[in-house]
Amino acid sequence: MSERIAMCFSGGKDSALALHALQRSGAYRVETLITTVTDAYDRVSMHGVRRALVRDQAASIGVPLVEVVVPPQSSNEIYERAMAAAFDRLHDDGIRRVAFGDIFLEDLREYRERQLAASGLECLFPIWQQPTAALAHSFIRDGFEAVAVCINPAALDASFAGRAFDAAFVADLPEGVDPCGENGEFHTFVWAGPILPRPVPVTRGEVVERDGFVFCDLLAVEGVTSTAPGGSNSAAGRDDRLRTEGTRG
């Protein structure tokens, strides 16, 4: 019988890859997805994706979503207290392990292990130490579709914001930028793929710079079952059709 677990889920490609690996293993049954939301912005923390879109992801996946709400510019103390409360509730519900999409950052892994141990939980890292170039290409080959929603301009040109995470995106990454953005160079939102029986169609909105990062706002496309936001190499017709003016917030 598969083990009941929870998963910290940002809505990005590494989370999607880790969830896909768990689903294929058959050893685990993900019963809860956990994401951090910044309350004043109503968006996923760091990624800047609208809360409603991650809710749509979870609904498509078919797993309940737990939102851990924190204020803007939250201190580590506030963040850790909010996460600890969520982890304590998981433990009370009989969950003993939580999965993450981390790949190779040892200090982050150790931090997560200490944080979960305080709630009597253990960590799972389904894609740990897998080569990131191979992971990026397998993501594309397996039919996942994602958009770059947050760019660190210190590592990557702002023009990557809003591009589809595809083979052209990976090929255009400058030397020294990790293909999965594991060092924080970029973050993505996954709108279609093997973990999503129903796609979450989106269109590009406004691109803004805030708090030292460049964000591409994504807007839900109502009544559409399959739509891809075009990257910089998209066909002109598709790119024009999907271009729209977003809103700040």
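Draft legend 1. Quick look at the packing of aromatic side chains. Enumeration over the complete set of coordinates arrives at eight aromatic pairs. Each ring, one from Phe165 and one from Phe169, has its centre 5.3 Å from the other, and the planes form 55°; the classification is tilted. In this pair, the class of Phe165 matches that of Phe169, namely buried. The structure contains a cluster of three or more aromatic residues connected by ring pairs, namely Phe139, Phe144, Phe160, Phe165, Phe169 and Phe186.

Draft legend 2. A look at the side chain of Ser45. Its location among the elements puts Ser45 in the loop between strand E3 (43-44) and helix H2 (51-61). Side chain to side chain, Ser45 and Thr38 meet in a polar contact 2.9 Å long. Residue contacts for Ser45: discarding those within four places in its chain leaves Thr36, Val37, Thr38 and Val70.

Draft legend 3. Fine view of the packing of helix H1 (residues 13-25) against helix H5 (residues 132-141). In contact at an axis separation of 11 Å, H1 and H5 are set at 80° when each is read in the N-to-C sense. Looking at the two axes, H1 sits roughly perpendicular to H5. Judged by residue contacts, Lys13, Ala16 and Leu17 of H1 engage Leu135, Ser138 and Phe139 from H5. Tallied by class, the residues present in the contact of H1 with H5 amount to four nonpolar, one polar and one charged.

Analysis parameters
Residues numbered from 1 in each chain as written. Predicted model: local features only at pLDDT ≥ 70, side-chain atom pairs only at ≥ 80, totals over all residues. Heavy atoms only, no water. Phe/Tyr/Trp six-rings, centres within 6.5 Å; stacked < 30°, edge-to-face > 60°. Buried < 20%, exposed > 50% of the residue type's maximum accessible area, 1.4 Å probe, protein only. Helix = DSSP H or I, 4+ residues; strand = E, 2+ residues; numbered from the N terminus. Polar contact = N/O pair within 3.5 Å; in protein donor to acceptor, adjacent residues only side chain to side chain. Contact = heavy atoms within 4.5 Å. Axes fitted to C-alpha atoms, helices over the stretch in contact; angles between N-to-C directions. Parallel < 35°, antiparallel > 145°, perpendicular 65-115°, else oblique. Nonpolar A, V, L, I, M, F, W, Y, C, P; charged D, E, K, R; others polar.

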